[in-house]
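Single-letter residue listing:
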Amino acid sequence: MAASEEWREVLYKKTFEEELRGLERRRTADPDCKVGDLEGILRNLYIMEGADWGGRGDIQDTAMAAVIAAYEYFIAQWKTEK
């Protein structure tokens, strides 16, 4: 990977991991938090991602992709527990 692209992978990984930790904390601390709540947030993240029209830039696009991936992963893992 070129050094000029390495920042993107670092940012993605850091954002993904931070979001997963936050989701786990929420699930643990909030007994009212349900999979459906997180799915609703994920739907809104998809809308926000699609409403950009190129104005966010590479940094925010990378961070948004990582947040969405974290929600998708967390929700999928939670559903497999049931």
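Everything that follows concerns the structure shown earlier in this document.
The structure contained in this document is the topic of the report that follows. (Residues numbered from 1 in each chain as written. Predicted model: local features only at pLDDT ≥ 70, side-chain atom pairs only at ≥ 80, totals over all residues. Heavy atoms only, no water.)

### Topic: the environment of Glu 5
One can find Glu 5 in helix α1 (residues 3-29). On the accessibility criterion, Glu 5 (36% relative accessible area) is partly exposed. Only 3.1 Å separates the side chain of Glu 5 from the side chain of Arg 8, close enough to count as a polar contact. (Helix = DSSP H or I, 4+ residues; strand = E, 2+ residues; numbered from the N terminus. Buried < 20%, exposed > 50% of the residue type's maximum accessible area, 1.4 Å probe, protein only. Polar contact = N/O pair within 3.5 Å; in protein donor to acceptor, adjacent residues only side chain to side chain.)

### Re the packing of helix α2 (residues 35-50) against helix α3 (residues 58-81)
Packed helices, taken two at a time, are described by the angle between their axes plus the distance between the axes. Direction vectors running N to C along α2 and α3 enclose 155°, while the axes themselves pass 10 Å from each other. Our classification of the angle between α2 and α3 gives roughly antiparallel. Pair α2 / α3 crosses with left-handed handedness. Here Val 35, Leu 38, Glu 39, Ile 41, Leu 42, Leu 45, Tyr 46, Met 48 and Glu 49 of α2 come into contact with α3, specifically with Met 64, Val 67, Ile 68, Tyr 71, Glu 72, Phe 74, Ile 75, Trp 78 and Lys 79. By residue class, the composition of the contact of α2 with α3 is 14 nonpolar, no polar and four charged. (Axes fitted to C-alpha atoms, helices over the stretch in contact; angles between N-to-C directions. Parallel < 35°, antiparallel > 145°, perpendicular 65-115°, else oblique. Left-handed = near helix turned anticlockwise from the far one by under 90°. Contact = heavy atoms within 4.5 Å. Nonpolar A, V, L, I, M, F, W, Y, C, P; charged D, E, K, R; others polar.)

### What about the pattern of salt bridges?
Applying the stated criterion to the full structure yields five salt bridges. A salt bridge links Arg 8 to Glu 5, with the nearest nitrogen and oxygen atoms 3.1 Å apart. Linking Arg 8 with Glu 5, this pair stays in helix α1, spanning three residues, or about one helical turn. Looking at Arg 8, the relative accessible area reads 26%, which means it is partly exposed. With a closest N to O distance of 3.8 Å, Arg 8 and Asp 58 form a salt bridge. One end of the pair, Arg 8, is in helix α1; the other, Asp 58, is in helix α3, and 50 residues separate them in sequence. Its relative accessible area of 46% is what places Asp 58 among the partly exposed residues. (Salt bridge = Lys/Arg side-chain N within 4 Å of Asp/Glu carboxyl O.)

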